[in-house]
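Summary of structural features
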Amino acid sequence: MSNFLEAIKNRRSIYALGRNVNLKETEIESLIKEAVKYSPTAFNAQSPRVVILFGQAHEKLWEMTEEALKPLTPPEAFPNTQAKLAGFKAGFGTVLFFKNTDTVKTLQEQFALYADNFPDWAEQSNGIATANTWTALEEAGLGANLQHYNPVIDAAVAKEWNIPENWQLRSQLVFGSKEAEAGEKEFLSDDERFLTFK
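Given the structure is predicted, the values throughout are model-derived calculations rather than measurements.

Attention now goes to the overall build of the chain. The helix and strand inventory of the chain stands at 8 helices and 5 strands. Starting at the N terminus and ending at the C terminus, the chain contains elements arranged as α-β-α-β-α-α-β-α-α-β-α-β-α. What you see for the chain is a C-alpha radius of gyration of 18 Å, in line with the 16 Å of a compact globule of 198 residues. For the chain, the residues scored as buried account for 38% of the 198 residues in total.

So, about the UniProt feature "domain: Nitroreductase" (unreviewed entry) in the chain. Feature annotation in UniProt assigns "domain: Nitroreductase" (unreviewed entry) to the following positions: residues 8-176. Across residues 8-176, the secondary structure splits into 49% helix and 19% strand, with the terminal C-alpha atoms separated by 18 Å.

Turning next to the environment of glutamine 147. Assignment of secondary structure puts glutamine 147 in strand β4 (residues 143-147). Judged by its relative accessible area of 7%, glutamine 147 falls in the buried class. The spatial distance from the C-alpha of glutamine 147 to the C-alpha of isoleucine 163 is 19 Å, given a sequence separation of 16 residues. Contact partners of glutamine 147, with chain neighbours within four places excluded, come to Tyr15, Trp62, Lys84, Phe88, Ser171, Gln172 and Val174. Polar contacts involving the side chain of glutamine 147 include one to the side chain of asparagine 145, which spans 2.8 Å.

Turning to the packing of helix α3 (residues 55-69) against helix α4 (residues 78-89), a few remarks are in order. For the pair α3 and α4, interaxial distance at closest approach is 9 Å and the crossing angle is 165°. The pairing of α3 with α4 is recorded here as roughly antiparallel in orientation. For the element pair α3 and α4, the recorded crossing hand is right-handed. Packed against α3, whose contacting residues are His58, Glu59, Trp62, Glu63, Thr65, Glu66 and Leu69, the element α4 presents Phe78, Thr81, Gln82, Leu85, Phe88 and Lys89 at the interface.

Going through the model one piece at a time under the given rule, you end up with 7 salt bridges. For glutamate 59, the salt bridge identified is with arginine 19, shortest N-O distance 2.9 Å. One end of the pair, glutamate 59, is in helix α3; the other, arginine 19, is in the loop between β1 (17-18) and α2 (25-37), with 40 residues separating them in the sequence. Classification of glutamate 59 by relative accessible area gives partly exposed; the value is 23%. By relative accessible area, which is 40% here, arginine 19 ends up partly exposed. The partner of lysine 178 in a salt bridge is glutamate 138, and the shortest N-O contact between them spans 2.7 Å. A residue pair is termed long-range when its members are at least 10 positions apart, and lysine 178 in strand β5 (residues 167-178) and glutamate 138 in helix α6 (residues 118-139) qualify at 40 residues. For glutamate 138, a relative accessible area of 12% gives the class buried. In this structure, a network of salt bridges that share partners links the residues Lys99, Glu123 and Arg170.

Below, the discussion takes up unusual backbone geometry. With an omega of 5°, the peptide bond running from asparagine 150 to proline 151 counts as cis. Following the sequence through the fold, proline 151 ends up in the loop between β4 and α7 (154-161). Here glutamine 46, not a glycine, exhibits a phi torsion of approximately 55°, which is positive. Looking at where glutamine 46 falls in the secondary structure, it is placed in the loop between α2 and β2 (48-54). Of note, asparagine 162 is a non-glycine position whose phi angle comes to about 55°, a positive value. Examined against the element boundaries, asparagine 162 turns out to sit in the loop between α7 and β5.

What counts, and where the lines are drawn
Residues numbered from 1 in each chain as written. Predicted model: local features only at pLDDT ≥ 70, side-chain atom pairs only at ≥ 80, totals over all residues. Heavy atoms only, no water. Helix = DSSP H or I, 4+ residues; strand = E, 2+ residues; numbered from the N terminus. Rg over C-alpha atoms; globule rule 2.2 N^0.38 Å. Buried < 20%, exposed > 50% of the residue type's maximum accessible area, 1.4 Å probe, protein only. UniProt positions renumbered as here; feature names shortened; annotations may be inferred. Contact = heavy atoms within 4.5 Å. Polar contact = N/O pair within 3.5 Å; in protein donor to acceptor, adjacent residues only side chain to side chain. Axes fitted to C-alpha atoms, helices over the stretch in contact; angles between N-to-C directions. Parallel < 35°, antiparallel > 145°, perpendicular 65-115°, else oblique. Left-handed = near helix turned anticlockwise from the far one by under 90°. Salt bridge = Lys/Arg side-chain N within 4 Å of Asp/Glu carboxyl O.

Below, the structure is given as structure tokens:
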């Protein structure tokens, strides 16, 4: 099997994350930038935007998320929510993925025939960039899991890091050292998911 397919197979949701990371922050930053830069986008729109959080900024994100969720969560369920968020905070960093909405609007104006498709294509571009980044982190020996606390945390994130108004938060990729491996994954049968014609 190719190294590429092996990396895809090894990319799993790792929730037990730590800070026993051998890479420098600058090396991780470079890896993330390369993964996003070389991820394809429709019409070469390059609509994904990324904010990388380390150290106190990473911890601040998950503290803000806890504050945002507290009034929205039943009191009896909140300890479980806190424990989950503490697991993310225990990681080494977080990658915030955004969509540049101005890019989408510009393309809609330039190519009216495809206007309805550009929002979907931008989401696909974000998904590709996210998956490529996740796989690159895995290949570098790090674990990660993907979260979606948007739009609950959007305003707080925008205020804290002065995010441009045209950047729409789409996901949060938490990463760190693997403190435990992922469990076994079950798959649907190929007959349920694939069709081949000749």
